[in-house]
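What follows is each chain in one-letter form.
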Amino acid sequence: MGDWGAVDAAQWAQLLALEDDPSPFARHEYLRAMSDTGCATPDTGWTPRILTLWRGERLEAACAVYLKSHSYGEYVFDWAWANAYAQHGLAYYPKALVAVPFTPVPGARLLARDGAARAALVRSLVRWCEEERLSSLHLLFAQPRDATACAEAGLMLRHTVQFHWQNTGWPDWDAFLASLQQDKRKKIRQERRKVAEAGVLFRHAEGRAIAPTDWDFFYRCYERTYWEHGNPPYLSRGFFERMASDMPEHWLLFIAERGGQPIASSLIAIDPAHRVAYGRYWGALQRVDCLHFEACYYQPLQWCIAQGYQRFEGGAQGEHKMARALLPVKTTSAHWLAHPAFAQAVDRFLEREGEGVEQYLGHLAARNPLKAEPS
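Predicted model, so just to flag it, every value in this text is computed and none were measured.

Some thoughts on the overall build of the chain
Right, so step 1: Scanning the chain from N- to C-terminus turns up 11 helices and 12 strands.
Right, so step 2: For the chain, the C-alpha radius of gyration of 21 Å lies close to 21 Å, the compact-globule estimate for 375 residues.
Right, so step 3: The principal-axis extents of the C-alpha atoms in the chain amount to approximately 60 × 50 × 40 Å.
Right, so step 4: Taken over 375 residues, the chain has a buried fraction of 53%.
Right, so step 5: Restricting the contact set of the chain to residue pairs at least 6 apart, pairs at least 24 apart contribute 74%.
Right, so step 6: When the accessible surface of the chain is split by element, carbon and sulfur atoms take 50% of a total near 16700 Å².

What to know about the layout of surface pockets
Right, so step 1: Estimates place the volume of the largest pocket at around 1100 Å³.
Right, so step 2: For the largest pocket, the lining is made up of 40 residues, of which Tyr75, Tyr226, Tyr234, Arg280 and Tyr281 are closest to its centre.
Right, so step 3: By residue class, the composition of the lining of the largest pocket is 21 nonpolar, 16 polar and 3 charged.

A word on the packing of helix 2 (residues 28–36) against helix 9 (residues 237–246)
Right, so step 1: Axis separation between helix 2 and helix 9 bottoms out at 9 Å; the angle between their running directions is 150°. Comparing their axes, helix 9 and helix 2 come out roughly antiparallel. Handedness of the helix 2/helix 9 crossing: right-handed. Contacts between helix 2 and helix 9 involve Glu29, Tyr30, Arg32, Ala33, Met34 and Asp36 from the first element and Phe239, Arg242, Met243 and Asp246 from the second.
Right, so step 2: Among the residues making up the contact of helix 2 with helix 9, the classes are represented as 5 nonpolar, no polar and 5 charged.

Quick notes on the pattern of salt bridges
Right, so step 1: Enumeration over the complete set of coordinates arrives at 27 salt bridges.
Right, so step 2: With its nearest N and O atoms 2.9 Å apart, the salt bridge here joins Arg118 to Asp146. Placement of Arg118 in helix 4 (residues 115–131) and of Asp146 in helix 5 (residues 144–152) is noted, with a sequence separation of 28 residues between them.
Right, so step 3: Note on Asp146: relative accessible area 0%, which makes it buried.

Regarding the nonpolar core
Right, so step 1: Counting 51 residues, the largest nonpolar core has Trp12, Tyr30, Leu235, Phe239, Phe240 and Trp251 as the members making the most contacts within it.
Right, so step 2: The greatest single-element share of this core, amounting to 6 residues, is contributed by helix 8 (residues 212–228).
Right, so step 3: Here Trp12 is in contact with Trp4, Val7, Ala26, Arg27, His28, Leu31, Ile50, Ala62, Cys63, Ala64 and Leu111, once residues within four sequence places are set aside.
Right, so step 4: With 30 residues, the next largest nonpolar core counts Ala277, Tyr297, Trp303 and Cys304 among its residues.

Examining the packing of aromatic side chains
Right, so step 1: Applying the stated criterion across every chain yields a total of 31 aromatic pairs.
Right, so step 2: Plain terms: the ring middles of Phe25 and Tyr278 are 5.1 Å apart, the flat faces sit at 80° to each other, and that makes the pair edge-to-face. Placement of the pair is Phe25 in the loop between helix 1 (9–16) and helix 2 and Tyr278 in strand 10 (residues 276–284), with a sequence separation of 253 residues. Tyr278 carries the same exposure label as Phe25, and that label is buried.

What to know about the packing of helix 3 (residues 79–87) against helix 11 (residues 340–365)
Right, so step 1: Taken N-terminus to C-terminus, the directions of helix 3 and helix 11 make an angle of 150°; their axes are 12 Å apart at the nearest point. In the crossing of helix 3 with helix 11, the sense of the turn from one axis to the other is right-handed. On helix 11, the residues that touch Trp81, Ala84 and Tyr85 of helix 3 are Phe342, Val346, Phe349 and Leu350.
Right, so step 2: Of the residues contributing to the contact of helix 3 with helix 11, the split by class is 7 nonpolar, no polar and no charged.

A few points about helix 4
Right, so step 1: Taking 1.5 Å per residue as the helical rise, helix 4 with its 17 residues ought to reach 24 Å, and the 24 Å between its terminal C-alpha atoms agrees with that figure.
Right, so step 2: For helix 4, the complete set of buried residues consists of Ala117, Arg118, Ala120, Leu121, Val122, Ser124, Leu125, Val126, Trp128 and Cys129.
Right, so step 3: Two or three places before Ala116, at the opening of helix 4, Asp114 has a side-chain oxygen 3.2 Å from that residue's backbone nitrogen.
Right, so step 4: In the stretch just after helix 4, Arg133 is the one whose phi turns positive, near 55°.

Observations concerning empty space enclosed by the protein
Right, so step 1: Here the structure, examined in full by the defined rule, presents 2 cavities of 30 Å³ or more.
Right, so step 2: As a volume, the largest cavity reaches approximately 70 Å³.
Right, so step 3: If you go around the largest cavity, the residues you meet are Trp12, Ala26, Leu31, Ala64, Val98, Ala99, Val100, Ala108, Arg109 and Leu111.
Right, so step 4: Residue composition of the lining of the largest cavity, grouped by class: 9 nonpolar, no polar and 1 charged.
Right, so step 5: Size it by volume and the second largest cavity reaches roughly 50 Å³.
Right, so step 6: Every residue lining the second largest cavity is listed: Trp46, Gly73, Glu74, Tyr75, Leu97, Ala99, Val100, Thr103, Pro104, Arg109, Leu140 and Phe141.
Right, so step 7: Among the residues making up the lining of the second largest cavity, the classes are represented as 8 nonpolar, 2 polar and 2 charged.

What counts as what
Residues numbered from 1 in each chain as written. Predicted model: local features only at pLDDT ≥ 70, side-chain atom pairs only at ≥ 80, totals over all residues. Heavy atoms only, no water. Helix = DSSP H or I, 4+ residues; strand = E, 2+ residues; numbered from the N terminus. Rg over C-alpha atoms; globule rule 2.2 N^0.38 Å. Buried < 20%, exposed > 50% of the residue type's maximum accessible area, 1.4 Å probe, protein only. Contact = heavy atoms within 4.5 Å. Areas by Shrake-Rupley, 256 points an atom, 1.4 Å probe, with all protein chains shown as cover. 1 Å grid on protein atoms, 1.4 Å probe; cavity = no way out; pocket = protein on both sides within 12 Å on 5 of 7 lines; lining within 4 Å. Points joined across faces, edges and corners; volume = space filled by probe spheres on them. Nonpolar A, V, L, I, M, F, W, Y, C, P; charged D, E, K, R; others polar. Axes fitted to C-alpha atoms, helices over the stretch in contact; angles between N-to-C directions. Parallel < 35°, antiparallel > 145°, perpendicular 65-115°, else oblique. Left-handed = near helix turned anticlockwise from the far one by under 90°. Salt bridge = Lys/Arg side-chain N within 4 Å of Asp/Glu carboxyl O. Core = buried A, V, L, I, M, F, W, Y, C linked by side-chain atoms within 4.5 Å. Phe/Tyr/Trp six-rings, centres within 6.5 Å; stacked < 30°, edge-to-face > 60°. Expected span 1.5 Å × (residues − 1). Polar contact = N/O pair within 3.5 Å; in protein donor to acceptor, adjacent residues only side chain to side chain.

Okay, structure coming up:
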């Protein structure tokens, strides 16, 4: 167990390339930038540790695990568990968290050369938690292989719902609209018309074509969104400077302009190799009806269709995304609690919660915005 110096970016990348879902958010550069720029540090309640398993000189498995002093920035909520511990005079924090800070995107968490190495990594995580006398271990938004390894090691699985858009091969935006039910198609056209009639135009830039002034404007929008909700932003301007310099190929920026002046922006993460896009951050300096939907859904989806991207992930929660053809997807996390009685109570809770999630998914399936396939 060490710090970010325990493994270099090239070694990490070799393992990540073997995974089924190697999202940009699991890259060494992304995670290290979180720490180096003051976003995920002990001062903010995130103390990073890097667990590595070696066979001689060869790295067999690795993961980033954080000692957490709170449950902010996770998107899988365990506040009730922490409160129950407190009511019984027990300390829930610090806890151990295997996740991407502030980023509810499913993907690889346990990087491993094979199943045996992945299983050994899970066992090592639990053993470390026991040695450190931590209350619990939580692995969030895991890819299926990670979830299976955790379940086989005795961790409890928990399910939540996100909304993702899947490209079924539409040749253009009009073909996509034609695949929707009439009321959804009408609503989208009405919303886009409102933005256009307000005099708003969009431009986009990708990778190194995103100018420093565009990054500056985006951060003004991003920062303002957080302050409007009464909170400081999770991510610093320095973090996005690192993204622009170290991972430029993974970013796409949309900027809304009115009267020649920028008024809003949305930043999309992209994985060109796997043709996946991720809705991430947005903000506006002026209020325009339906601008959020245009900037965060319609512009990115139109771009994805034009570029042949296969999936657009809309982030955590939000049933309103279904009206934009982002359909429900079940996501998985894994949990280990050291206290036997609390572990049993949480296990019973997760069983009931899981039944509720399945019912919720069934309810959502009945509201599918796409036209039914002809029988």
